[in-house]
Amino acid sequence: MKSIAATALGTWFACGLALAQQPATTANPPGMADRVAACIACHGKEGRATADGYYPRIAGKPAGYLLNQLQGFRDGHRRYPMMNYLLANLSDDYLQQIATFFAAQHPPYPPPVAPEANAAVLERGRLLVSEGDRQRRIPACIACHGKQLGGVQPAIPGLLGLPRDYINAQLGAWRNGERSARAPDCMGAIARELTPEDINAASSWLSAQAVPASYAPASTLAAPLPRQCGSLPQSAGAHP
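Residues numbered from 1 in each chain as written. Predicted model: local features only at pLDDT ≥ 70, side-chain atom pairs only at ≥ 80, totals over all residues. Heavy atoms only, no water.

### Structural notes on helix 4 (residues 63-75)
Counted only if it meets this: What counts as a helix is a DSSP run of H or I of at least four residues, what counts as a strand is a run of E of at least two, and both are numbered from the N terminus. Expected helix span is computed as 1.5 Å times (number of residues minus one). Here the term buried applies to any residue with accessible area under 20% of the maximum for its type, exposed to any over 50%, and partly exposed to those in between, with areas from a 1.4 Å probe on protein chains only. Whether two residues are in contact is decided by their heavy atoms, any of which lying within 4.5 Å being enough.
An ideal rise of 1.5 Å per residue puts 18 Å on 13 residues; helix 4 measures up with 18 Å between its terminal C-alpha atoms. Every buried residue of helix 4 is listed here: Tyr65, Leu66, Leu67, Asn68, Gln69, Leu70, Gln71, Gly72 and Phe73. Buried positions along helix 4 lie against helix 5 (81-87) and helix 6 (92-103). Gly76 lies just past helix 4 and shows a positive phi near 90°.

Have a look at this one:
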């Protein structure tokens, strides 16, 4: 892990300087792949993620979602020093270029890793993802992320093809306030209602699912969002 981090850090500094020095335009300019080399150093070729599972896949995510996350790192809503520093002086227009580039990448997904959780934990995870917990008023993951969990345009990400440890870390960051979004912060509110056991169950089930060949963000939500989400314009019609 240390050698991977050192290599990525060296490439990140060199490519990050070139990235910051490039002029911004509204469309993907020639050579964009070279300009996002700092991203690929950690997130893998085409943004497909790396085998260590520490850095997530960014390829094929909705461009609006990627833009929200890039802005979050730049503005301090998400905290990871290398990302915060790299993006600190980049404009919204430039971040949109990066988001558009990676949203258009669609490399294949690797097969899922065999789950370590037992059958009861996996079933609890499946129920949380597909049905939520009505007694505790916790919405199902599919209510926001789509029936196929592929995400929804323009800004809701898919949940399959992510390592268990990464999902755990992000839900924990939402729950502990290390990650936030524009108010009302729907994911932060939901994550704070989850127990550590809930998070383990959901992440174990999600990470054990194979990604279908047709996996892609849905064009629209099937129903209003169950919670108001400040980062999503569609949430205006959400249920209270």
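Let's pick the thread back up.
### Some points on the packing of helix 9 (residues 164-176) against helix 11 (residues 196-207)
Helix packing geometry: the angle between the two helix axes and the distance between the axes. Defined as follows: Note on definitions: angles span 0 to 180 degrees between N-to-C directions of axes, and those axes are lines fitted to C-alpha atoms, for helices only across the stretch in contact. Note on convention: the crossing is left-handed when the near helix lies turned anticlockwise from the far helix by less than a right angle, right-handed when the turn is clockwise. Under the grouping applied here, Gly and all other residues not named as nonpolar or charged are polar, the nonpolar ones being Ala, Val, Leu, Ile, Met, Phe, Trp, Tyr, Cys and Pro and the charged ones Asp, Glu, Lys and Arg.
Two elements in contact, helix 9 and helix 11, have axes separated by 8 Å at closest approach and are oriented at 145°. Between helix 9 and helix 11 lies a crossing of right-handed hand. Mapping the contact onto sequence places Arg164, Ile167, Asn168, Leu171, Gly172 and Arg175 in helix 9 and Pro196, Ile199, Asn200, Ser203, Ser204, Leu206 and Ser207 in helix 11. Each residue belonging to the contact of helix 9 with helix 11 can be placed in one class, and the counts come to five nonpolar, six polar and two charged.

### A closer look at the state of the cysteines
Note the following rule: Note on terminology: disulfide denotes any pair of cysteine sulfur atoms within 2.5 Å.
Taken as a whole and assessed by the stated rule, the structure comprises one disulfide. The disulfide partner of Cys186 is Cys229, and the gap between their sulfur atoms is 1.9 Å. An S-S torsion of about 110° defines the bridge between Cys186 and Cys229 as right-handed. Of this pair, Cys186 sits in helix 10 (residues 186-193) while Cys229 sits in the segment after helix 11; the two residues are 43 residues apart in sequence, bridging distant segments of the chain. Grouping residues by exposure puts Cys186 and Cys229 together as buried. Of all cysteine sulfurs in the structure, the one in Cys42 sits closest to Cys39, which takes part in no disulfide; the separation is 8.8 Å.

### Comments concerning the pattern of salt bridges
Where we set the bar: Any carboxyl oxygen of Asp or Glu that lies within 4 Å of a side-chain nitrogen of Lys or Arg is treated as forming a salt bridge with it.
A complete count under the given rule lists 11 salt bridges for this structure. Where Asp92 meets Arg74, a salt bridge forms, and the shortest distance between an N and an O atom there is 2.8 Å. Taken together, the residues span a long stretch of sequence, with Asp92 in helix 6 and Arg74 in helix 4 at a distance of 18 residues. The partner of Asp198 in a salt bridge is Arg136, and the shortest N-O contact between them spans 2.6 Å. A residue pair is termed long-range when its members are at least 10 positions apart, and Asp198 in helix 11 and Arg136 in the loop between helix 7 (119-130) and helix 8 (142-145) qualify at 62 residues.

### Side note on the confidence of the model for the protein
The predicted coordinates should not be examined in detail at positions where pLDDT is low. For clarity, the threshold we go by: pLDDT is a per-residue confidence score from the predictor, ranging from 0 to 100.
Chain-level statistics for the protein give a pLDDT mean of 86 and a share of 84% at 70 or above. Within the model, the stretch residues 1-18 combines pLDDT values under 50 with 16 contacts to residues more than four positions away or in other chains. Counted against residues more than four places away or in other chains, residues 235-240, with its pLDDT under 50, gives 16 contacts.

### Focus on the nonpolar core
Definition in use: For the purposes of this section, nonpolar cores are sets of buried Ala, Val, Leu, Ile, Met, Phe, Trp, Tyr and Cys residues that join through side-chain atoms within 4.5 Å.
Val36, Leu66, Leu70, Leu87, Leu95, Ile98 and Phe102 are the most contacted members of the largest nonpolar core, which totals 21 residues. The set of elements that each furnish at least two residues to this core consists of helix 3 (37-43), helix 4, helix 5 and helix 6. In terms of residue count, helix 6 provides more of this core than any other element does, seven residues in total. Beyond its immediate sequence surroundings of up to four residues, Leu87 is in contact with Leu70, Phe73, Arg74 and Leu95. Residues Ile190, Leu194, Ile199 and Leu206 belong to the second largest nonpolar core, which totals 17 residues.

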